[in-house]
Amino acid sequence: MAAKTVTVGSSIGLHARPAGIIAEAAAEAGVPVTLAAEGGEPVDAGSALMIMTLGAEQGAQVTVECDDEAVLTRIADLVAQDLDA
């Protein structure tokens, strides 16, 4: 799988609203996408609950993995955005 590490941009980290937006985009992509906090196990990016279990706060490093480069870029961009704004 291709991977990209990005910094969490949301001011409250990957909690309910940002996790929901990312999970919806990942589920709609139709290909497997995972997220992993630095030093942690990867979780299914299509599940908002699993994303929230990462405990990734603003400024944390998260690795996005996906075989589809376009989807990888889209999800990585979402993680890096402030989705609370």
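Residues numbered from 1 in each chain as written. Predicted model: local features only at pLDDT ≥ 70, side-chain atom pairs only at ≥ 80, totals over all residues. Heavy atoms only, no water.

Asks: Please explain the sheet that holds strand S4 (residues 61–66) as it appears in this structure.
Replies: Pairing between the strands of a sheet is mediated by backbone hydrogen bonds and can be parallel or antiparallel. One open sheet accounts for four strands, arranged S1-S4-S2-S3; its pairing is antiparallel. What marks the edges here is a single partner per strand, and that holds for strand S1 (2–7) and strand S3 (43–44). Relative to S4, strand S2 (residues 33–37) runs antiparallel, the two being bridged by five bridges. Of the residues in S4, the one forming a bridge with Ala 36 is Thr 63. Sheet strands touched by helix H3 (residues 69–80): S1, S2 and S4. Its angle to S1, the strand with the most contacts, is close to 15 degrees. (Pairing = 2+ DSSP bridges. Helix = DSSP H or I, 4+ residues; strand = E, 2+ residues; numbered from the N terminus. Contact = heavy atoms within 4.5 Å. Axes fitted to C-alpha atoms, helices over the stretch in contact; angles between N-to-C directions.)

Asks: What is the right way to look at the pairing of S2 in this model?
Replies: Side-chain direction in a regular strand flips from residue to residue, so the side chains alternate between the two faces of the sheet. With five of five residues buried, S2 lies mostly within the body of the structure. As paired strands, S2 and S3 are joined by two bridges and run antiparallel to one another. Bridging across to S3, Thr 34 finds its partner in Asp 44. Connecting S2 to the next strand, S3, in antiparallel fashion are five residues, including Gly 39 with a positive phi near 80 degrees. (Buried < 20%, exposed > 50% of the residue type's maximum accessible area, 1.4 Å probe, protein only.)

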